[in-house]
Amino acid sequence: MVRRLKDVLSRLRAALTPQAVALLAAALLLCWLAAASQRTGALPLETRLARTLSCMEGAGRVEVTIRTREVASSGGVFGTSVSESVPCGAVVVAQGAQDPLVEMELRQAVCALLGLPASSVSVVTGGE
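What counts as what
- Residues numbered from 1 in each chain as written.
- Predicted model: local features only at pLDDT ≥ 70, side-chain atom pairs only at ≥ 80, totals over all residues.
- Heavy atoms only, no water.
- Helix = DSSP H or I, 4+ residues; strand = E, 2+ residues; numbered from the N terminus.
- Buried < 20%, exposed > 50% of the residue type's maximum accessible area, 1.4 Å probe, protein only.
- Contact = heavy atoms within 4.5 Å.
- pLDDT = per-residue confidence, 0-100.
- Salt bridge = Lys/Arg side-chain N within 4 Å of Asp/Glu carboxyl O.

S.K.: I tried to follow the environment of Cys-111 on my own but got confused; where do I start?
M.R.: Mapped onto the elements, Cys-111 comes out in helix H4 (residues 100-114). For Cys-111, a relative accessible area of 13% puts it in the buried group. Here the alpha-carbon distance between Cys-111 and Gly-89, two residues 22 residues apart in the chain, equals 9.4 Å. If near-sequence neighbours (up to four positions away) are discounted, Cys-111 is found in contact with Leu-116, Pro-117, Ala-118 and Val-121.

S.K.: Would you take a moment to explain the confidence of the model for the chain for this structure?
M.R.: When pLDDT drops low, the exact placement of atoms in the prediction is not to be read closely. Predicted confidence across the chain gives a mean pLDDT of 82, with 73% of residues reaching 70 or more. Ranking the elements of the chain by mean pLDDT puts helix H2 (residues 18-40) last with 61 and strand E3 (residues 121-125) first with 96.

S.K.: Just to check I follow, could you spell out the pattern of salt bridges for this structure?
M.R.: If charged atoms from side chains of opposite charge come close, those side chains can pair. Scanning the model with the defined rule gives two salt bridges in all. Glu-63 is paired through a salt bridge with Arg-61; the nearest N and O atoms lie 3.3 Å apart. Residue Glu-63 is classed as partly exposed on the basis of its relative accessible area, which comes to 43%. Take Arg-61: its relative accessible area is 53%, and that puts it in the exposed class.

Right under this line is the structure:
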């Protein structure tokens, strides 16, 4: 048994070349960075969406709130189960939403960007 363990360890040492160690370290760093950015949200989706929508003609100042639900999926590192947040609804508050055309365009944009049905998106007029 001890001899077999020594054999396995010697094979492992031979396989761990500096290039393999560097590649493994890079892969672990990428996994860690991806997980950290999901936790902290480098720039939240709501902020990015609000910035995009406020660029639309007539929209004015825009605020967005997105409701999410957790969905479990497989395919994580080493086949582990991963939970991800999936948008299931949104509320858009825009200065220009009193204009029916602007309201419709805002709703269509949110539906397209988040993959939501129109019934899951509420667009309301906000204060000046």
